[in-house]
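If you want the building blocks of each chain, they are given just below.
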Amino acid sequence: QVQLVESGGGLVQAGGSLRLSCEVSGLTFSTYAMGWFRQAPGKEREFVASISWSDGYTDYADSVKGRFTISRDNAKNTVYLQMNSLKLEDTAVYYCAARSGRAIRIEYRYWGRGTQVTVSS
C-alpha cells in the first residue's frame, strides 16, 4: 500500500520560513518523480514544485520561484519543501504527490492527505 505522509505545516508570520516533509512508503521512492501542490480555500489545487528521481531536475511555479526549494533524500524516502519569505497568499493545504516518469506538473498518481500552512500578518 502506497502512503505519502506530509508534516511540518503550521502557523507562521509573513516573512518567516517553514520546511515541509513528505515521507513515502510502498513504492520504490528513488524511481519516482515527486511534486508539491497546494490548494487555498475556494481555489483549485495548483502546482508548486517538482523534482526528478534521477538527475536532480527541479521545476517551480513562478509564484514561489526564488523563495521555495524542493529536495529529496532517497535514503530516507522523503521529499522536502523549504519555504522562505512566506507571504499571506501562500496560505493553503500543501500536498505531496508521486508519479513515475518525468517531473512534470500534471498526472501524479499518488497523493498525500495534506498539511495546512497558514501565514499571518
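The structure under discussion appears in the preceding block.
This structure is a prediction, so every number in the text was calculated from the model and none was measured.

1. Quick word on the environment of Tyr110
Turning to step 1, where the next piece is worked out: Within the secondary structure, Tyr110 is located in strand E10 (residues 110–111).
Turning to step 2, where the next piece is worked out: Between the C-alpha atom of Tyr110 and that of Cys96, which follows or precedes it by 14 residues, the distance is 8.5 Å.
Turning to step 3, where the next piece is worked out: Discounting chain neighbours no more than four positions away, the residues touching Tyr110 are Val2, Leu4, Leu27, Tyr32, Cys96, Ala97 and Ala98.
Turning to step 4, where the next piece is worked out: Within the structure, the side chain of Tyr110 is placed 3.4 Å from the side chain of Arg109, a separation counted as a polar contact.

2. Some words on the packing of aromatic side chains
Turning to step 1, where the next piece is worked out: Here the structure, examined in full by the defined rule, presents 5 aromatic pairs.
Turning to step 2, where the next piece is worked out: Seen from their ring centres, Phe37 and Tyr108 are 5.1 Å apart, and the 75 degrees between their planes marks the pair as edge-to-face. Within this pair, whereas Phe37 is found in strand E4 (residues 32–39), its partner Tyr108 is found in the loop between strand E9 (92–100) and E10, the two being separated by 71 residues in sequence. Here Phe37 matches Tyr108 in class, with each residue buried.
Turning to step 3, where the next piece is worked out: Site record: aromatic cluster; members linked through ring pairs are Phe37, Phe47, Tyr108 and Trp111.
Turning to step 4, where the next piece is worked out: Above the plane of the ring of Tyr95 lies Arg45, whose end atom (NZ or CZ) is 6.0 Å from the centre.
Turning to step 5, where the next piece is worked out: Over the ring of Tyr108 we find Arg99; its NZ or CZ atom is 5.9 Å from the centre of that ring.

Each value, and the rule that gives it
Residues numbered from 1 in each chain as written. Predicted model: local features only at pLDDT ≥ 70, side-chain atom pairs only at ≥ 80, totals over all residues. Heavy atoms only, no water. Helix = DSSP H or I, 4+ residues; strand = E, 2+ residues; numbered from the N terminus. Contact = heavy atoms within 4.5 Å. Polar contact = N/O pair within 3.5 Å; in protein donor to acceptor, adjacent residues only side chain to side chain. Phe/Tyr/Trp six-rings, centres within 6.5 Å; stacked < 30°, edge-to-face > 60°. Buried < 20%, exposed > 50% of the residue type's maximum accessible area, 1.4 Å probe, protein only. Lys NZ or Arg CZ within 6 Å of the ring centre and 35° of its normal.

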